Amino acid sequence: MSFVIATTIDEAIAALAAGARPVAGGSDLVVGARHGKAPLPGDLVAIDRIEELRCLEFTDAGACIGAGVNHHTIEHHPVLSTVYTGISDGSALVGSPSTRNVGTLGGNVMNASPAMDTGAPLVVLGAEVELRSASGSRRVGLAELWTGPGRTSARPDELCVAIHVPAPAARSNSAYLRLEYRRSMEIAVVGAAASVTLADDGSVNAVRVALTAVAPTIIEVAGLGGGTVADVAAAAQAAAAEQARPISDVRASDAYRRHTVGVMARRAVEAAARRALGEPVSVPVNRAIGIGAAS
Amino acid sequence: MSPTTTAPRFVRADGPDKVTGSGRYTADLTLTGALVAKFKYAEVSHARITKLDVSAARAIPGVFAVLTQDDVPDVRFGPFVQDRTLFARDVVRFEGEILAAVAAVDVPTAQRALNAIVVEYAPLPVVNDIEAALSPDAPLVHADWSDYGAAGPIVRDRNDASMASIAKGDVDKGMAEADVVVHSRYVADGCHAAPIEPRAVLAQWEGNKVTIWTSTQVPFDARAGVCETLELPANRVRIIVPHLGGGFGGKCGFHYEAHVAALARATKRPVRLVFSRREEFVAPDRRREGIVFDLETGVRRDGTITARKVWLAIDNGAYTADAGFFSQLAAMHALGPYQVPHAFAEAHLVYTNHQPSGSVRAPTAPQTCWALESHTDEVAKAIGMDPVEFRLKNAVATGKEGPSGQVYDEIGLVDCIRAAADGAGYGQALPDDEAIGVAIGWWPSFSVPSGAYVKIDGDGSGQIITGAQECGTGAVMTLRQLVADELGMQAEDFELVYQDTSVAPYDMGATGSQTLFNNGRAAVAAAGQIAEQLKQLAAEQLEANPADIVLADGAASVAGTPSRSVPIAELAGIAAGGELLIGHGSGAPPAPPEVVGATCVGDVGMTAWVAPQFSCHAVRVKVDRDTGVARVLHVSAAHDSGTIINPVGATGQVEGAVLMGIGQALTEGTRYDDEAKQRNAALLEYKLQTCADAPPIDIHFVEIDTPNAGPRGAKGLAEAPNVATAAAISNAIAAIIGTPVRQLPMTAERVWSTVNGIEGSPA
């Protein structure tokens, strides 16, 4: 049983190589242990004091979001919440204010829950995670990273140090929204993110849609093409409902999930398109357009 | 606010403790050498115990005791039906039933002991459905039910633990006189009180006396339970309640005080039990009961109700707890606060293999009001009448007779309907996905014995020593104001000594909205004795007649001559050298009203209500038809709870109850699997409302002079605001989507299924 507080990425990687598991905000690891999901690992390395993990850089290539950046920061960041807007939509919905202050993007991504709120927007924005170990760094796409609920392709000695998001094209934007039964301390019943790039005439040139909590991992909707916003939104709704593989559980039946994930996909496309046109749709979309009601 | 307001501000005596974190709750307490208690639960819903071997658990180092029913007096207990023992005896009847209790040096050791207990079962058929349980060939939850003791009026038969009926007039004749008869079926799922503080108990013996610190709402009831099950006299059991972290009825009754006391006696050590959230969901015999309703109302085209006939079956769960009076209470709520000339109600309290039901904030009322008021909107719709007009025409009013034959004296229901509707802007044009739903509700005041002492020491500072229990409502806190007003002093001049059964006289506890109603009377009576003493002392000092002395602003003065005055503190100093300033009070509880014209089976006194409380809630709701998500946009709540003594406390009660009502309406419901085990016994899956969900709530107190009520004409207020919210939300949803959602909670999926005509019982 050991607990190491790392202050540099190298220290953290060394601890991982020796068998420790990382803990940042603890909002998944500790809660999961208390609920008997998985016992708390015997050896832990705290990574919440590593300043390098909180880097936030924007270049022509895109954004580099340190794995230790918390949801509160992502929700309110002036660039993320206007250019990489879907990610901010997702972060803004996580837990409660206190959860958002301790929970990190790296933790959310590596926890690999199919219900995570930041996963679908990262997928539609083409994000990659940067995994680092003693033997070097590699970048992995999210579809390759997530292998099942709570499972990733990362090796135990690898630390997620950053999430790289390509710069969105001109006249494009993104949105994420979820079906929720209450406004705080909630988990997505289903959710959908869309990234939309518009042509000069306002029609959709390119669209990506990803779905939350309807499969063992976040999944991207296949086979979507361009067209008017209305047509693309309708196509996204139909394709999302068709491609979803939802389960029935205490939160919702499979039939209800299949229907509502389509609704979320349509609304995500519509909200992303409005943002791409320059209309203000505030973060998070759930409050801006209201799921069930205006805010 | 009301003109009768006496306190411009209200400082809760327990406020600074709770806000700063210096206050201590039961789980915060430690005693030297204390052991950890853990329970071994049945984990199955219905089975015969074929083997229960605790010897291996007892042999583990660090385990001080493992107790089963063999180790405690063999007592069956229960306030209405004596169907329960402390530990399972022969048969387990729900998943949270206790097989054994462990006291160990720490949590891991206690957990190892639980794992070492060997239990083997022979399965028994699981009773998982309320209506099926009533069929003649249903398996019995209690095979020996007829051997159990029960309170006199309780009528029982097999799985029916308490049957009640109310009959007035000739219901068939009344139906025949109707132009339209509307028939409806509704089903309410069970739900939970869900206090934020999971319960905790700490017990310590000194000689043959035991002190138990416990998170109960009813210290004297808890004491009585310990005395009964461990066969002890009342004066050797002391119950102390530190700050209580909410209860909502869930901490009423007698729970685990005896188990922990028995462990402490066996180990000769203090023993402490602290529940996990899951235990809080699964084990207590207090959760809101599921009910199946069959409702029928006959009505004339002019809107006159001619008859109402109701049948309902309540999920009692595996044991009866305090639910024995629920059948008749639910029957009254199903008939409702209406003028019904011909009425018949039949209600059953049905054993199942679910967690036992018990009093949660206005037991049976929110879900029965939901069913009846949803039905009432169907009736109004059937004759093309506006639902508010329909209620104004038929609601009980001053001098009118209710469904059980009680004729009401001064009541304010009609005023409540008008105030709530006006406050909601009823009748305004709204978007087609919004509507305002209206519902009316009622609730009795409970007139019971209660006691308090007041003393003023030589420096003029006072103490109120009361048996009443503060569970967060502010009712006990308000006693300071009542006593201070009586003595011409300030609320801050008094400290409260409360929640200790060995110090204060009896009070029923934080239950039945009764604290201010009854203990307020007691405290005022106690203060009145001191007032008389002070007037006597002042008369001697001021050379005046005691009858001419006025107590105000901290002084005693001669009426009409304020310059002839002496400070109360000075009088207290004089008294400290002679006859002490000590008052004790109880006062006569208001007598119950008469009922004429109705006949009742299983009558437990629920058909005639002293100082009945009335309410109307008008709620604006928006429904997202594509997802079925309903959101409450605004609540207008009007209440006749008599005189409002503490407006700040009263407002808090209504706001909290409305939020609880929204949860019960939309998101809070227990889901059972095929084995009658709870599927959502956790706060992520059992969805309480959060602050972020709270709508604006406008509150209107309809204050009228109420004869035969509590102090200054006050009625209760803790439960009444929880009654009508879900019903009003239901009527708004029905107005938007065109048809009511017939199962409570009206979850998003159920709303969506109703919109799309999907049959079945979705999440």
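Calculation rules
Residues numbered from 1 in each chain as written. Chains lettered and ligands numbered in written order. Predicted model: local features only at pLDDT ≥ 70, side-chain atom pairs only at ≥ 80, totals over all residues. Heavy atoms only, no water. Helix = DSSP H or I, 4+ residues; strand = E, 2+ residues; numbered from the N terminus. Rg over C-alpha atoms; globule rule 2.2 N^0.38 Å. Contact = heavy atoms within 4.5 Å. Areas by Shrake-Rupley, 256 points an atom, 1.4 Å probe, with all protein chains shown as cover. Lys, Arg positive; Asp, Glu negative; His and termini not counted. Charge placed at Lys NZ, Arg CZ, Asp CG, Glu CD. Salt bridge = Lys/Arg side-chain N within 4 Å of Asp/Glu carboxyl O. Buried < 20%, exposed > 50% of the residue type's maximum accessible area, 1.4 Å probe, protein only. 1 Å grid on protein atoms, 1.4 Å probe; cavity = no way out; pocket = protein on both sides within 12 Å on 5 of 7 lines; lining within 4 Å. Points joined across faces, edges and corners; volume = space filled by probe spheres on them. Nonpolar A, V, L, I, M, F, W, Y, C, P; charged D, E, K, R; others polar. Axes fitted to C-alpha atoms, helices over the stretch in contact; angles between N-to-C directions. Parallel < 35°, antiparallel > 145°, perpendicular 65-115°, else oblique. Domains from an automatic or database assignment. Buried area = accessible area lost by both parts, 1.4 Å probe. Polar contact = N/O pair within 3.5 Å; in protein donor to acceptor, adjacent residues only side chain to side chain. Phe/Tyr/Trp six-rings, centres within 6.5 Å; stacked < 30°, edge-to-face > 60°. Core = buried A, V, L, I, M, F, W, Y, C linked by side-chain atoms within 4.5 Å. Pairing = 2+ DSSP bridges.

**Some points on the overall build of chain B**
For chain B, the count of helices and strands is 18 helices and 28 strands. The C-alpha atoms of chain B give 27 Å as radius of gyration, which agrees with the globular expectation for 763 residues (27 Å, within 12%). Residue pairs in contact within chain B that sit at least 24 positions apart in sequence constitute 79% of those at least 6 positions apart. About 25800 Å² of surface is accessible on chain B, with carbon and sulfur atoms providing 51% of the total. Side chains of chain B give 61 positive and 90 negative charges; the mean places of these two sets differ by 4 Å.

**Focus on the pattern of salt bridges**
Residue and element names in this part refer to chain A. Going through the model one piece at a time under the given rule, you end up with 48 salt bridges over all chains. Note that Asp89 and Arg275 form a salt bridge whose closest N and O atoms lie 2.7 Å from each other. Here Asp89, found in helix 4 (residues 85–93), pairs with Arg275, found in helix 10 (residues 254–276); they are 186 residues apart in sequence, far enough to count as distant. In this structure, Asp89 and Arg275 share a single accessibility class: buried. Across the pair Arg266 and Glu270 runs a salt bridge, and its minimum N-O distance is 3.6 Å. Of the two residues, Arg266 and Glu270 are both situated in helix 10; the distance of four residues between them amounts to about one turn of the helix.

**Regarding empty space enclosed by the protein**
A water-sized probe, rolled over the atoms, reveals where empty space remains. With the rule as written, the count across this model stands at seven cavities of 30 Å³ or more. Contributing to the lining of the largest cavity are 29 residues, with Tyr181 of chain A together with Leu666, Thr667, Lys687 and Ala748 of chain B lying nearest its centre. When residues of the lining of the largest cavity are traced back to their parent elements, those giving at least two are helix 11 (285–290) of chain A together with strand 26 (629–640), helix 16 (647–666) and helix 18 (748–755) of chain B. Here the residues of the lining of the largest cavity are counted per class, giving 12 nonpolar, six polar and 11 charged.

**Things to note about the packing of helix 10 (residues 365–382) of chain B against helix 11 (residues 387–394) of chain B**
Residue and element names in this part refer to chain B. At a minimum axis separation of 9 Å, helix 10 and helix 11 run at an interaxial angle of 105°. With respect to their mutual orientation, helix 10 and helix 11 come out roughly perpendicular. Taking contact as the criterion, the partners of Glu373, Thr376, Asp377, Val379 and Ala380 in helix 10 are, on helix 11, Pro387, Phe390 and Arg391. When the residues that make up the contact of helix 10 with helix 11 are grouped by side-chain class, the tally is four nonpolar, one polar and three charged.

**Side note on helix 7 (residues 257–267) of chain B**
In an α-helix, one turn spans 3.6 residues, which is why side chains three or four residues apart end up on the same side. Residue and element names in this part refer to chain B. Burial analysis of helix 7 places nine of its 11 residues in the buried class, the great majority of the element. Every buried residue of helix 7 is listed here: Glu257, Ala258, His259, Val260, Ala261, Ala262, Leu263, Ala264 and Thr267. At the C-terminal side of helix 7, Lys268 shows a positive phi close to 55°.

**Considering the domain arrangement of chain B**
Residue and element names in this part refer to chain B. Split by domain assignment, chain B resolves into domain 1 (26–124 + 199–274), domain 2 (359–446 + 607–755) and domain 3 (450–585). The straight-line distance from the C-alpha centre of domain 1 to that of domain 3 is 40 Å. Contacts between domain 1 and domain 3 engage 17 residues on the former and 18 residues on the latter. Between domain 1 and domain 3, roughly 1200 Å² of surface is buried when both sides are summed, and carbon and sulfur atoms account for 52% of that area. For the domain 1 face of the interface with domain 3, the top three residues by lost area are Gln217, Phe220 and Arg238, together amounting to 44%. At the surface where domain 1 touches domain 3, the tally comes to one salt bridge. Across the salt bridge formed by Arg238 and Asp500, the nearest N and O atoms sit 2.6 Å from each other. Across the domain 1-domain 3 interface, the total number found is five residue pairs in polar contact (both at pLDDT 80 or more). Those elements giving two or more residues to the side of domain 1 that touches domain 3 turn out to be helix 6 (219–230) and strand 11 (237–240). The leading source of residues in the side of domain 1 that touches domain 3 is strand 11, at four residues.

**Looking at the interface of chain B and chain A**
With 25 residues of chain B at the interface, the matching set in chain A holds 26 residues. Between chain B and chain A the total buried area reaches about 2100 Å² when both faces are included, carbon and sulfur atoms providing 57% of it. It is Asp626, Lys687 and Glu749 of chain B in chain B that bury the most area against chain A; as a group they hold 23% of the surface buried on that side. Where chain B touches chain A, the interface holds five salt bridges. Here Arg267 of chain A ties to Asp626 of chain B by a salt bridge, and the two come within 3.9 Å at their closest N and O atoms. The interface formed by chain B and chain A holds 12 residue pairs in polar contact (both at pLDDT 80 or more) in total. Within the residue set of the side of chain B that touches chain A, elements represented by two or more residues are strand 25 (610–624), strand 26 and helix 18 of chain B.

**Thoughts on the packing of aromatic side chains**
Residues and elements named next belong to chain B. Tallying each qualifying case throughout the model produces 18 aromatic pairs over all chains. With 6.4 Å between their ring centres and 90° between their planes, Phe39 and Phe275 make a pair best called edge-to-face. Placement of Phe39 in strand 1 (residues 35–41) and of Phe275 in the loop between strand 12 (271–274) and helix 8 (277–282) is noted, with a sequence separation of 236 residues between them. Residues Phe39 and Phe275 agree in their burial class; the two are buried.

**Quick look at the nonpolar core**
All names here are of chain B. By size, the foremost hydrophobic cluster in this structure holds 110 residues, and its most contacted members are Val621, Ile729, Ile733 and Met746. No other element matches the eight residues that helix 17 (residues 725–737) contributes to this core. Apart from the residues lying within four places of it in its own chain, the contact partners of Met746 are Trp370, Ala665, Leu666, Ala726, Ile729, Ser730, Ile733, Val741 and Val751.

**Remarks on the pairing of strand 7 (residues 136–141) of chain A**
Residues and elements named next belong to chain A. For strand 6 (residues 128–133) and strand 7, the ladder comprises six bridges, and the chain directions are antiparallel. Note that in strand 7 the partner of Ser133 across the bridge is Gly136. A loop of two residues connects strand 6 with strand 7, the two strands running antiparallel in sequence.

**With respect to the environment of Asp172 of chain B**
Mapped onto the secondary structure, Asp172 of chain B falls in helix 5 (residues 171–176). With 171 residues separating them in the primary sequence, Asp172 of chain B and Ala343 of chain B have C-alpha atoms 9.2 Å apart.

**Observations regarding the pairing of strand 9 (residues 200–206) of chain B**
Residue and element names in this part refer to chain B. Counting buried residues in strand 9 gives five out of seven residues, a clear majority hidden from the surface. For strand 9 and strand 12, the ladder comprises four bridges, and the chain directions are antiparallel. Considered in strand 12, the bridge of Val201 is made with Leu273. With six bridges connecting them, strand 9 and strand 10 (residues 209–214) associate as antiparallel partners. Paired with Leu202 across the bridge in strand 10 is Trp213. Taking the residues between adjacent antiparallel strands as the criterion, strand 9 and strand 10 are bridged by two residues, where Gly207 takes a positive phi near 65°.

**Here we look at the sheet that holds strand 21 (residues 555–558) of chain B**
Residues and elements named next belong to chain B. Ordered in space as 20-21-22, the three strands form an open sheet in which the pairing is antiparallel. With partners counted over all chains shown, the strands left at the sheet margins are strand 20 (549–552) and strand 22 (561–567), one partner each. Here the average twist between neighbouring strands, direction ignored, is 35°. The sheet strands contacting helix 15 (residues 568–576) are strand 20, strand 21 and strand 22, and the helix crosses strand 22 at an angle near 45°.

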